[in-house]
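# Breakdown of the fold
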Amino acid sequence: MDKFKIPRHIAIIMDGNGRWAKKFGLNRIHGHKNGVTSVREAVEFCGEKGVEFLTLYAFSTENWDRPRDEINGLMELLVDAIVKETPNLHKNKVRLKAIGNLASFPENVQGKLNQAIEFTSNNTGLVLTLALAYSSRWEIVEAVKRTVEKVVAENIKPESINENFFEQNLTTFGMPDPELIIRTSGEQRLSNFLLWQAAYSEFYFPAVLWPDFRKKDFEHALDEYRKRERRFGKTSEQINQ
Ligand code: IPE
Ligand code: IPE
Ligand code: MG
């Protein structure tokens, strides 16, 4: 396989858990539970392919508006998955990170998450970032606040603010922008995910529901990505010269 065409950073909007459960006449939470298997496979797959960063949209700011029992189920599942999966992540040299308004989570969730982040912090393999209580507009407004603080503290002129200066205050600072964004379940929207970082991402929208997303589906995503010509505003001739 052409190593050059493997994205360094892949981001996934893991969608379709509720519909998956409904298909089997089950409660939505069973869809979320089965989605954990897909997460495990996606992490393994990225490790095997040499992807450096995998970012998973697990819970959006807007998801706080879901029914209370679904939110409670998701919180329990999150703690459970973190506790169960961390030893295996560690064994595979995965470094866990999280972006989003983590302070909005119950304390036990924050505690377990921080423990796992700390535990894996020296690992040198895949960087697995969970977007939790994340929304891109929230992230951008937070980055504006920090930018303004710096501008005031260091007496910086507004005309010296550039993209590079601003993006140092985004939660994704230090990661390359995702070359590929996958959203399962056939929905074709970003739902407030990585709006700034997705400026030049390639998008792939498979119909498969997240709990059914397997390595072969991920392989299809890479096949599709490999066929795309990323021109960044240039002409095809310039790219191929
Ligand atoms: C995605 O699956 C998981 C979360 C948003 C937490 P959904 O729960 O949105 O599944 P559908 O879209 O209802 O099928
Ligand atoms: C987006 O999925 C968030 C996650 C996958 C975690 P949703 O299913 O909540 O998105 P919308 O509301 O249908 O756009
Ligand atoms: Mg959904």
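This text follows the structure it describes.
Let me sum up the structure you'll find in this document. (Residues numbered from 1 in each chain as written. Chains lettered and ligands numbered in written order. Predicted model: local features only at pLDDT ≥ 70, side-chain atom pairs only at ≥ 80, totals over all residues. Heavy atoms only, no water.)

Residues in contact with ligand 1, as listed here, are Met14, Asp15, Gly16, Asn17, Gly18, Arg19, Arg28, His32, Ala58, Asn63 and Arg66. Take Asp15: an N or O atom from its side chain is 2.9 Å from an oxygen atom of ligand 1. Arg28 is positioned with one of its side-chain polar atoms (N or O) 2.8 Å from an oxygen atom of ligand 1. In isolation ligand 1 has 380 Å² of accessible area, and contact with the protein removes 86% of it. At the level of secondary structure, the elements contributing two or more residues to the shell around ligand 1 comprise helix 1 (17-23) and helix 2 (28-49). Considering only residue class, the shell around ligand 1 consists of two nonpolar, five polar and four charged. (Near = heavy atom within 4 Å. Polar contact = N/O pair within 3.5 Å; in protein donor to acceptor, adjacent residues only side chain to side chain. Areas by Shrake-Rupley, 256 points an atom, 1.4 Å probe, with all protein chains shown as cover. Helix = DSSP H or I, 4+ residues; strand = E, 2+ residues; numbered from the N terminus. Nonpolar A, V, L, I, M, F, W, Y, C, P; charged D, E, K, R; others polar.)

Pairing of strand 3 (residues 95-99) with strand 4 (residues 127-134), which is carried by five bridges, proceeds in the parallel orientation. Note that in strand 4 the partner of Ala98 across the bridge is Leu130. (Pairing = 2+ DSSP bridges.)

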